[in-house]
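Now for the letters of each chain:
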Amino acid sequence: MRHNGHFDTQKYGLLYFAAAAVLAMINPAGAAEQLSLERQKQYLEDSRAINIKGRGRYPMTTLQDKTWRDWQERTGELPPDFALMPSKPFLPDPLVLEVEGTTRPVATKEDWEARRRQIREQYQYWVSGNMPPAPTNLEAHVLEDRVDPEGARVQMIELRFGPEHKGKMTFELIIPPGDEPRPVYLTQWNHRDWAQLAVRRGYIGCVYAGADVKDDSDSYHALYPGYEWSQLMRRAWGASRVVDYLLTRQEVNKEQIAITGHSRNGKQSLWATAFDDRIGAVISSSCGTGGIMPWRFSDPQYCNETLDWITGVANVWFQPRLRYFFGREDKLPVDQNLLLACIAPRPLLMHYSHMEHQSNAWAAEQCYHSVKTAYEFLGEPENISMLPRQGEHAVAARDVEQAIDFLDAKFGRRDIEWKTRLLFDWNFEDWVAAHADDVTSAAAMESVVLKAGYEDVDEFLEHKQRMRLALDWLLGEEPAGATSSEIGPTHPSRIDWMDSITGRPEPKKTKRIDIGPYAAMGDHLPGTLYVPVNDDGTTRSAAGEKLPVIIYLHQYAYAHGYALGYSATGGRGSQQVFQRFTDAGFAVFAIDMFGFGTRLMEAQNFYLRQPEWSKMGKMVNDVSACVDALETFDFVDQESVFVVGDTIGGIVGLMAAAQDERIDAVATVAAFSPWRASNSRYESIRVHAHQHGFLPRLGLFADEPGCVPVDFGEILACVAPRPLMVIAPELDRHSDPDAVAEAVKPVQAVYELMGAGDAFQVETPREINRMTPEMQKAIIGFLSDMRSRNSGSVRKPQ
């Protein structure tokens with residue numbers, strides 16, 4: 001077993017810690033301060049290493065700094081001392097008030113207003129940058145006033161304000177005929193088409209210059225030099241200046257000013273509403289990370305826009321210090337759910353596509369459920385809603401019309417029945433209430449613990465059967481079924497239409513074989529096999545040899561399955577991974593795991609259909625179906641069938657290999673944190689049971705994690721003596737490194753017992769939860785080495 005780079009003592013040395021101990025005795029306060037400073041310096045080094053290098057699409061990051069690193073060097077600002085900050089792996093609670101270092105529930109309206117002030121202050125400091133107060137010298141100039149041939153009155157107006165009236169905001173008003181005050185549909189310059197639809201329905205359209213195509217707010221930074229506010233906050237503040245003016249117009253229904261925007265404009269629309277109580281409703285469209293996608297669910301394992309990516313590429317959208325939290329999102333004091341809670345109880349519609357590349361539908365719904373608690377506290381739970389759609393990032397008229405329906409319903413303008421549409425129906429408490437027998441059986445379950453040593457292989461194999469039985473219980477009772485009668489390729493023209501939206505990896509010098517939806521695997525399961533080929537199209541392999549194959553299991557990629565993946569350099573991460581594997585001579589077999597990507601809808605109502613099984617059990621079953629399918633291809637080496645799993649894919653791969661000995665080797669990245677060590681920072685049980693609903697029975701042990709029937713040490717041991725590589729990044733915030741280190745010790749002893757000590761390798765690089773190119777190369781080397789050592793076969797007698 002090999003460990004890499006896990007010791008801070010190697011960096012600082014024993015002499016440093018000895019000196020620190022002496023200093024602590026002489027001057028405890030000074031010692032603590034010095035240690036804190038050293039930690040901050042290490043955090044800065046980590047941040048510089050793991051954040052993508054500055055390739056921002058904008059020439060300047062701040063008024064004075066070209067890049068994030070320029071900002072850091074100019075200000076000298078270090079990351080916060082994360083060791084002194086609480087870890088909140090789940091979304092922070094909107095209804096918890098912080099008072100002088102302690103917390104208490106929000107109980108009154110006064111408490112709620114205090115909580116909102118806290119959220120706004122924290123958000124400005126960590127995320128958006130701070131903004132100046134509203135100007136008191138607003139002047140309006142009508143630049144144009146005409147009647148459109150379609151009948152509406154059109155005015156072009158320029159506001160002037162601020163120091164020497166140098167600040168400006170240009171906007172267009174489109175006013176339908178009539179004398180009664182009308183609601184306002186406020187949006188950005190590039191969404192005038194949307195406003196036209198609203199005008200047809202009786203709204204005053206208002207289109208302001210706070211967008212890339214025309215941005216009057218760009219000058220505010222120099223106009224107010226004492227404020228380090230981001231571009232999106234400047235645009236949101238500019239929208240509020242338009243509201244200043246709208247409130248002076250008699251044509252305006254001042255209680256019904258709604259704002260909407262798409263993508264980055266959707267972000268700023270949320271920000272404007274959260275900071276301006278005069279805005280009566282907001283519709284945010286496909287606004288992604290920094291909008292309705294919480295930062296905590298926008299790290300590499302979720303395969304949407306990560307914190308480092310969006311702050312690195314869109315380098316002016318956020319306050320630079322936000323970048324320090326990449327890889328430490330659980331330490332961020334404020335998250336998007338808290339900002340959205342500041343909008344309550346005003347109408348809020350979260351509109352997005354569950355398939356678009358920037359999205360993660362599960363993350364959006366987690367945000368919705370959290371924000372809704374604030375709406376419930378304020379007595380307006382129906383004022384927050386979700387509107388998921390299919391398709392990519394662009395929005396069609398049908399989508400805009402539905403969003404305006406929401407405004408009509410909430411403003412009482414038309415008798416429209418509005419229903420929130422959710423894609424995930426999981427609630428752990430509901431499952432418990434319906435499974436009294438499981439609660440009873442859990443109380444009687446024995447905890448099977450891997451021994452530190454066994455007398456002989458027979459003793460271990462007997463214990464292994466008990467481990468497998470315990471794992472079987474956690475996975476639930478698989479219903480009776482039947483094997484596939486026919487498995488075969490499908491012509492590309494007949495594959496699932498969703499593939500054309502998400503796309504699929506297309507590595508060079510490979511032949512793509514699509515299986516299903518006709519002649520599919522398992523229970524109507526589609527997959528794709530990428531076969532490395534020579535220039536002439538023939539299968540690439542050594543003379544007389546068959547190809548080894550990797551079954552690739554992806555991350556928590558709810559929107560895309562295996563289609564996109566994560567890439568620190570942008571683009572399609574899965575494309576890069578598959579290219580490296582196929583270049584090394586491996587065929588790659590990939591599926592969207594159950595409940596992800598093209599199979600997201602397939603998992604809806606699963607526990608109504610299969611109340612005794614589990615989603616994880618279904619995912620594991622699908623991996624065995626893949627092995628079945630591979631047995632039908634004569635060019636595949638049936639004794640070199642490997643599984644490579646990333647984050648949740650790693651867990652699925654480990655469980656599949658523990659049950660199916662046809663899997664010849666496994667490699668995982670950032671896969672697990674031991675359940676028995678689950679705690680408030682490393683909530684490994686509640687993540688899989690309460691959050692995602694993968695293993696409901698596991699959740700019955702959330703309050704007594706030490707009683708879990710089987711843990712990852714036992715699951716790993718069930719793979720022995722087949723080759724197993726565990727890459728556990730040292731900075732993976734989802735995993736307890738000390739608990740992982742303890743879990744793998746007895747596993748190594750099992751491998752030694754079975755004469756396969758070199759077949760178990762553990763790597764702990766100083767990285768976060770992502771599969772880097774270095775890790776990919778290590779996996780390729782490991783699998784290739786194990787295969788060559790065993791003369792083309794890594795399978796050994798069990």
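Keep in mind that this is a model prediction, so the values were computed, not measured. (Residues numbered from 1 in each chain as written. Predicted model: local features only at pLDDT ≥ 70, side-chain atom pairs only at ≥ 80, totals over all residues. Heavy atoms only, no water.)

Student: Any details on the overall build of the protein chain? Residues and values, ideally.
Tutor: Broken down by element type, the protein chain carries 24 helices and 22 strands. Relative to a compact globule of 798 residues, whose C-alpha radius of gyration would be 28 Å, the protein chain shows 28 Å and is just as compact. C-alpha atoms of the protein chain, sized along the principal axes, occupy 90 × 75 × 60 Å. Evaluated residue by residue, the protein chain yields a buried proportion of 60% over its 798 residues. In the protein chain, the proportion of contacts linking residues at least 24 apart, taken out of those at least 6 apart, comes to 72%. Each charge class in the protein chain can be summarised by its mean position, and for the 83 positive and 109 negative side chains these summaries are 5 Å apart. (Helix = DSSP H or I, 4+ residues; strand = E, 2+ residues; numbered from the N terminus. Rg over C-alpha atoms; globule rule 2.2 N^0.38 Å. Buried < 20%, exposed > 50% of the residue type's maximum accessible area, 1.4 Å probe, protein only. Contact = heavy atoms within 4.5 Å. Lys, Arg positive; Asp, Glu negative; His and termini not counted. Charge placed at Lys NZ, Arg CZ, Asp CG, Glu CD.)

Student: Provide a residue-level description of empty space enclosed by the protein, including the pertinent values.
Tutor: Throughout the structure, instances matching the rule amount to seven cavities of 30 Å³ or more. Forming the walls of the largest cavity are 25 residues, and the residues nearest its centre are Q301, Y556, E683, V687 and H734. Of the residues forming the lining of the largest cavity, the biggest block, four residues, is contributed by helix α21 (residues 684–691). (1 Å grid on protein atoms, 1.4 Å probe; cavity = no way out; pocket = protein on both sides within 12 Å on 5 of 7 lines; lining within 4 Å. Points joined across faces, edges and corners; volume = space filled by probe spheres on them.)

Student: Residues and numbers for the sheet that holds strand β20 (residues 665–669), please.
Tutor: In space, the nine strands of this open sheet follow the order β14-β15-β16-β18-β17-β19-β20-β21-β22, with mixed pairing throughout. Either end of the sheet is taken by a strand with one partner, and the two such strands are β14 (489–490) and β22 (760–763). Contacting β16 (527–532), β17 (547–553), β18 (587–590) and β19 (636–646), helix α19 (residues 615–630) crosses the sheet at an angle of about 155° to β17. (Pairing = 2+ DSSP bridges. Axes fitted to C-alpha atoms, helices over the stretch in contact; angles between N-to-C directions.)

Student: Describe α21, naming the residues involved and giving the relevant values.
Tutor: The element α21 is largely enclosed, with a buried count of six among its eight residues. Of the surrounding elements, those touching the buried residues of α21 are α11 (361–377), α13 (428–433) and α20 (648–659). Immediately beyond the C-terminal end of α21, within one or two residues, lies G693, with a positive phi of roughly 70°.

Student: How would you explain the packing of helix α7 (residues 231–246) against helix α8 (residues 264–275) if you had to name every residue and give the values?
Tutor: Relative orientation of the contacting elements α7 and α8 amounts to 60°, with a least axis distance of 8 Å. With respect to their mutual orientation, α7 and α8 come out oblique. Viewed along their axes, α7 and α8 form a crossing whose handedness is right-handed. Side by side, α7 and α8 meet where L232, M233, R235, A236 and A239 of the first sit next to R264, N265, K267, Q268, W271, A272 and F275 of the second. In terms of residue class, the contact of α7 with α8 is made up of seven nonpolar, two polar and three charged. (Parallel < 35°, antiparallel > 145°, perpendicular 65-115°, else oblique. Left-handed = near helix turned anticlockwise from the far one by under 90°. Nonpolar A, V, L, I, M, F, W, Y, C, P; charged D, E, K, R; others polar.)

Student: Which residues make up unusual backbone geometry, and what values do they have?
Tutor: Between A344 and P345 the backbone carries a cis peptide bond, its omega angle lying at 5°. Position of P345 among the secondary structure elements: in the loop between α10 (336–341) and β12 (348–353). Residue P721 is bonded to the preceding A720 through a cis peptide linkage, with omega at 5°. Counting through the fold element by element, P721 comes out in the loop between α22 (712–717) and β21 (724–727). One non-glycine residue, H165, lies in positive phi territory at about 55°. With respect to the element layout, H165 can be found in the loop between β4 (153–161) and β5 (167–175). A positive phi angle, close to 50°, is found at T647, a residue other than glycine. With respect to the helices, strands and loops of the structure, T647 is situated in the loop between β19 and α20.

Student: How would you explain the layout of surface pockets if you had to name every residue and give the values?
Tutor: By volume, the largest pocket amounts to about 790 Å³. Forming the walls of the largest pocket are 33 residues, and the residues nearest its centre are Q366, H369, W426, H690 and Q691. Where the lining of the largest pocket is concerned, the elements lending two or more residues are α11, α13 and α21. A per-element tally of the lining of the largest pocket places α11 first, with six residues. Considered class by class, the residues forming the lining of the largest pocket number 17 nonpolar, 10 polar and six charged.

Student: Which residues make up the pairing of strand β15 (residues 510–515), and what values go with them?
Tutor: Where β14 and β15 come together, two bridges link them in antiparallel fashion. Across the sheet, residue T490 finds its bridge partner in β15, namely D514. Where β15 meets β16, six bridges bridge the pair, whose relative direction is antiparallel. Opposite T510, over in β16, you have P532 as the bridge partner.

Student: Go over the state of the cysteines with me, naming the residues and quoting the values.
Tutor: Using the criterion set out here, one finds zero disulfides in the structure. Here C287 stays unpaired: no disulfide links it, and the sulfur of C367, its closest cysteine neighbor, is 8.6 Å away. Residue class for C287 comes out buried when judged on its relative accessible area of 1%. No disulfide involves C303; its nearest neighbouring cysteine sulfur is the one of C626, lying 18 Å away. (Disulfide = S-S within 2.5 Å.)

Student: Can you explain the environment of R296? Please cite residues and give values.
Tutor: Note that R296 resides in the loop between β11 (281–285) and α9 (307–313). Sequence-wise, R296 and K331 are 35 residues apart; in three dimensions their C-alpha atoms are separated by 9.0 Å. Within polar-contact distance, the side chain of R296 engages the backbone oxygen of D330 at 3.2 Å. (Polar contact = N/O pair within 3.5 Å; in protein donor to acceptor, adjacent residues only side chain to side chain.)

Student: I'd like to hear about the pairing of β18, residue by residue, with values.
Tutor: Consecutive residues of a regular strand have side chains that alternate between opposite faces of the sheet. With burial as the criterion, each face of β18 is covered, one bearing A587 and F589 and the other bearing V588 and A590. Note: β16 against β18, three bridges, orientation antiparallel. Paired with L529 across the strands is F589, a residue of β18. Summarising the sheet, β17 and β18 pair through four bridges and their orientation is parallel. Bridge pairing in β18 places Y552 opposite A590. As a crossover connection, the stretch from β17 through helix α17 (residues 573–583) into β18 is right-handed. (Right-handed = clockwise from strand over helix to strand, strands pointing away.)

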